[in-house]
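# Examination of the molecular architecture
Spelled out, the chains give:
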Number of protein chains: 2
Amino acid sequence: MRAAFVVGTTETARIDGISAAGAAPDVMNHTPAADAELVTYGRPVFAPEVPVSPTGCPTPSLVTRAAFDRLDVETMVVDAGLSVPTAAPAVTVGAEVGGDVREAVPVPDAESAFERGRSLGAALGEDALLIGESIPGGTTTAMGVLTALGEPNDVSSSLPENPLERKREIVSTGLEASDVEPGALAGQPLAAVEGMGDPVLATVAGLIAGATSNGTAVTLAGGSQMVAAAALARHAGVDAPLRLATTSFVAADETFDVRAGADALDLSLAVTDPGFDRGDHVAFERYRQGEAKEGVGMGGALWLAERAGVSMADVRDGVREYYDRLVGDDGP
Amino acid sequence: MRAAFVVGTTETARIDGISAAGAAPDVMNHTPAADAELVTYGRPVFAPEVPVSPTGCPTPSLVTRAAFDRLDVETMVVDAGLSVPTAAPAVTVGAEVGGDVREAVPVPDAESAFERGRSLGAALGEDALLIGESIPGGTTTAMGVLTALGEPNDVSSSLPENPLERKREIVSTGLEASDVEPGALAGQPLAAVEGMGDPVLATVAGLIAGATSNGTAVTLAGGSQMVAAAALARHAGVDAPLRLATTSFVAADETFDVRAGADALDLSLAVTDPGFDRGDHVAFERYRQGEAKEGVGMGGALWLAERAGVSMADVRDGVREYYDRLVGDDGP
């Protein structure tokens, strides 16, 4: 089993109020690179610190890493538009930082990112591949892509209060700038991600297409963004079975019906509950409040752990250890 | 223990008759990327094939990987100027493909490559780091750097007949183009590698400086090129203990005195013999004829294996298996 983490950034993430992945926009730029280091090394290397939201919610990459420490999974990072250097070895797909989705063409290199992702997914020739992501503002671009493709387009949020109306306004502005009606790009996934998406979505869609073409069993580890990536793959003609593995926090989100999204795209759905309501460590508190919810493959890593007979209590111990060692009492 | 493989390419490698690392220049361009994939995955992924010299000598990365399969070593790849995409996850130092050493400034980004290497070496914070390389034409740029620094400047060769005179001519032309007298750049390692080296040497020197600054024990796995990298580090003020781990093929090279090189730079020397004279598999024949000799960390991997009690017979079995599976009977 190999797990690929596709990481990148966009100008969309700089739009006020849409993401909790890090604090201020300048800090948020570091989040995907830091997540790449955390899943690779279990600690920040070039990154100045572990990403923690303004309210103190630690990045889900700590959960993913804690689960992987207890499993036999080879990890790899795919750079799909990082804006700062990372010390995590990464396969690059040559994508630039994504633009603002309110522009006409926020992802001019969508096609090459998709193709490089496809080559990689096919060439790896794994039996099974789990795909995670880290890209701030990613649910907004996910909504953009889903809307352009004409799929159910509600999305989840890394914030406890999902700013859905704000996202809809942004997507609406983006559609206008791209001169696209909702649903007009059905069957045209590259145009949809080029005009309304981000480079991570383009790359994940390519990975799915390439891996499934070679018989690899693909598990998409995440929530709305992985639904959007699956939609792109389906619209690109991928009809292989796909699994969506997400967290109980996403499944509990009243603003986003992950089951409906999975059904619409014929994804088998696995929901795993890490049991953060047991134990009152600070690392779990913000998750209980509905923050973060998912990301950096968290839902997939938990699913793998559960399937391998690793107890959630054991994973929680690992998360506590990482938090205490790397974040400590410096939170707000 | 972590092993970092610094890989790159130069225009110098296109000069006729100086390297056996691959066949024609266009094929040679693929060698470092293929080596990166072989040490990472144990097989070519994007690379069209396993690098094999025109006479049928397989890349030493097969030996390195066979040894690592029997050890507990984390590998990583550092991209210091690859000219083709690789499927191996890599930390990039942002270096362009190196120019021709006969030009005035073949490595304009030497300083930034050194600095990024230094940051990485320091940030990794490993107890022990083994460094290998893959860059065709690397012994010629090694000679260039050693000459500019005023160190003993004979070098080994991946060819059975070392074209030393050809290399001296090339270096002489390069010194003239760079307007440098032999020894004139003593104490100026960045100027030496910028004017007479390659991006891999700049990066390895930076890694050495950074890693040793943080107390990491550094083993340079290779021959002449690692002597040149050590020379750059010494001239940059690194006085920490350094080990050079190379193969018996390099130690037996009558045209290059690796012991003198190690002594001049205060490197402790470990020489390991993989016993390729036992067993008559085709994979070993060209090594016995003096081809390849070293590369992609081979000497260091063999040294680690020997130190860990892994028998050379076991490593040879692994090399045979890789060769039979990946190269087969397609050799000349």
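Residues numbered from 1 in each chain as written. Chains lettered and ligands numbered in written order. Predicted model: local features only at pLDDT ≥ 70, side-chain atom pairs only at ≥ 80, totals over all residues. Heavy atoms only, no water.

## Considerations on the overall build of chain A
Stated formally: Numbering of helices and strands runs from the N terminus, with a helix taken as a DSSP run of H or I at least four residues long and a strand as a DSSP run of E at least two residues long. In this analysis, two residues are considered to be in contact whenever any of their non-hydrogen atoms come within 4.5 Å of each other. Each accessible area value is a Shrake-Rupley result obtained with a 1.4 Å probe; residue values ignore everything except the protein chains displayed when judging cover. Only four residue types enter the tally: Lys and Arg on the positive side, Asp and Glu on the negative side; His and the chain ends are excluded. By convention, the charge on Lys lies at NZ, on Arg at CZ, on Asp at CG and on Glu at CD.
Within chain A, the secondary structure is distributed over 14 helices and seven strands. Its C-alpha atoms put chain A at 50 × 40 × 35 Å along the principal axes. For chain A, the proportion of contacts with a sequence separation of at least 24, taken over those separated by at least 6, is 79%. When the accessible surface of chain A is split by element, carbon and sulfur atoms take 44% of a total near 11400 Å². Side chains of chain A carry 22 positive and 48 negative charges; the gap between the two charge centres is 5 Å.

## Observations concerning the relation of the copies chain A and chain B
Inclusion rule: Superposing the copies works by least squares over the C-alpha atoms of residues that have pLDDT at least 70 in both of them.
The transformation that overlays chain A on chain B combines an axial shift of 0.0 Å with a rotation of 180 degrees, and the residual RMSD is 0.0 Å. Such a combination of rotation and displacement between the chain copies is what one expects of a two-fold axis.

## Things to note about the interface of chain A and chain B
Let me state the cut-off plainly: Buried area, as used here, totals the accessible surface that two parts lose on assembly, with accessibility defined by a 1.4 Å probe and the loss added over both. Basic side-chain nitrogens of Lys or Arg form a salt bridge, by our definition, when they fall within 4 Å of a carboxyl oxygen of Asp or Glu. Polar contacts here mean pairs of N or O atoms no more than 3.5 Å apart (in protein, one a potential hydrogen donor and the other a potential acceptor; neighbouring residues in sequence count only if both atoms are side-chain atoms). Any residue that is not Ala, Val, Leu, Ile, Met, Phe, Trp, Tyr, Cys, Pro, Asp, Glu, Lys or Arg is counted as polar, Gly included; the first ten are nonpolar and the last four charged.
Counting residues at the interface gives 19 residues for chain A and 19 residues for chain B. For chain A, the biggest contributors to the area lost against chain B are A:Y41, A:F46 and A:P89; these three give 29% of the whole. At the surface where chain A touches chain B, the tally comes to zero salt bridges. Across the contact surface, chain A and chain B share five residue pairs in polar contact (both at pLDDT 80 or more). Only β3 (90–92) and α4 (110–124) of chain A provide two or more residues apiece to the side of chain A that touches chain B. The greatest single-element share of the side of chain A that touches chain B, amounting to five residues, is contributed by α4(A). When grouped by side-chain class, the residues that make up the side of chain A that touches chain B number 13 nonpolar, two polar and four charged.

## Notes on the pattern of salt bridges
Residues and elements named next belong to chain A. Which entries qualify depends on this criterion: Relative accessibility thresholds used throughout: buried, under 20% of the residue-type maximum; exposed, over 50%; partly exposed, between the two (1.4 Å probe, protein chains only).
One pass over the full model with this rule turns up 24 salt bridges over all chains. Where R286 meets E291, a salt bridge forms, and the shortest distance between an N and an O atom there is 2.8 Å. Since its relative accessible area comes to 2%, E291 is described here as buried. One continuous salt-bridge network, built from bridges that share partners, spans D154, E165 and R168.

## Let's talk about the confidence of the model for chain A
Detailed reading of predicted coordinates is not advised where the pLDDT is low. Our working rule: Summary of the metric used: pLDDT quantifies the predictor's per-residue confidence within the range 0 to 100.
Taken as a whole, chain A shows an average pLDDT of 95; of its residues, 97% reach a score of 70 or greater. We note a pTM of 0.94 for the whole complex and an ipTM of 0.91 for its interfaces.

## A word on unusual backbone geometry
Residue and element names in this part refer to chain A. Phi is positive for A292, close to 65 degrees, though the residue is something other than glycine. Located in the positive-phi region is V296, a residue other than glycine, with phi close to 50 degrees. Turning to its location among the elements, V296 is positioned in the loop between α12 (282–288) and α13 (298–307).

## Considering the pairing of strand β2 (residues 74–79) of chain B
Residues and elements named next belong to chain B. Applied cut-off: Strand pairing is defined by DSSP finding a minimum of two bridges between the two strands.
Both strand β1 (residues 2–7) and β2 contribute to a ladder of six bridges, which runs parallel. In the strand pairing of β2, F5 is matched with V77. Across three bridges, β2 lies against strand β3 (residues 90–92) in parallel orientation. Bridge pairing links V77 to A90 in β3.

## Some points on the packing of helix α5 (residues 138–149) of chain B against helix α7 (residues 189–196) of chain B
All names here are of chain B. So the rule is basically this: Axis geometry follows a simple rule: fit a line to the C-alpha atoms, using only the stretch in contact for helices, then measure angles between N-to-C directions, giving values from 0 to 180 degrees. For classification purposes, angles smaller than 35 degrees are called roughly parallel, those larger than 145 roughly antiparallel, those between 65 and 115 roughly perpendicular, and all remaining angles oblique. Crossings are sorted by hand: turned counterclockwise from the far helix by less than a right angle, the near helix makes the crossing left-handed, and turned clockwise it makes it right-handed.
Between α5 and α7, the shortest axis-to-axis distance is 9 Å and the interhelical angle comes to 140 degrees. As judged from the angle between their axes, α5 and α7 are oblique. For the pair α5 and α7, the crossing hand works out as right-handed. Where α5 abuts α7, its residues T141, G144, V145, A148 and L149 lie against P189, A192, V193 and M196. Considering only residue class, the contact of α5 with α7 consists of seven nonpolar, two polar and no charged.

## Observations concerning the packing of aromatic side chains
Residue and element names in this part refer to chain A. Formally: Working definition: a ring pair exists when centres of Phe, Tyr or Trp rings (six-membered ring for Trp) sit within 6.5 Å. Plane angles under 30 degrees give stacked, over 60 give edge-to-face, the rest tilted.
Scanning the entire structure with this criterion turns up ten aromatic pairs over all chains. Aromatic side chains F5 and F68 sit 6.1 Å apart centroid to centroid with 55 degrees between the ring planes, which places their arrangement in the tilted category. Of this pair, F5 sits in strand β1 (residues 2–7) while F68 sits in helix α3 (residues 61–68); the two residues are 63 residues apart in sequence, bridging distant segments of the chain. Looking at F5, the relative accessible area reads 1%, which means it is buried. Since its relative accessible area comes to 8%, F68 is described here as buried. One aromatic cluster is present, built from ring pairs that chain together F249, F276, F284 and Y287.

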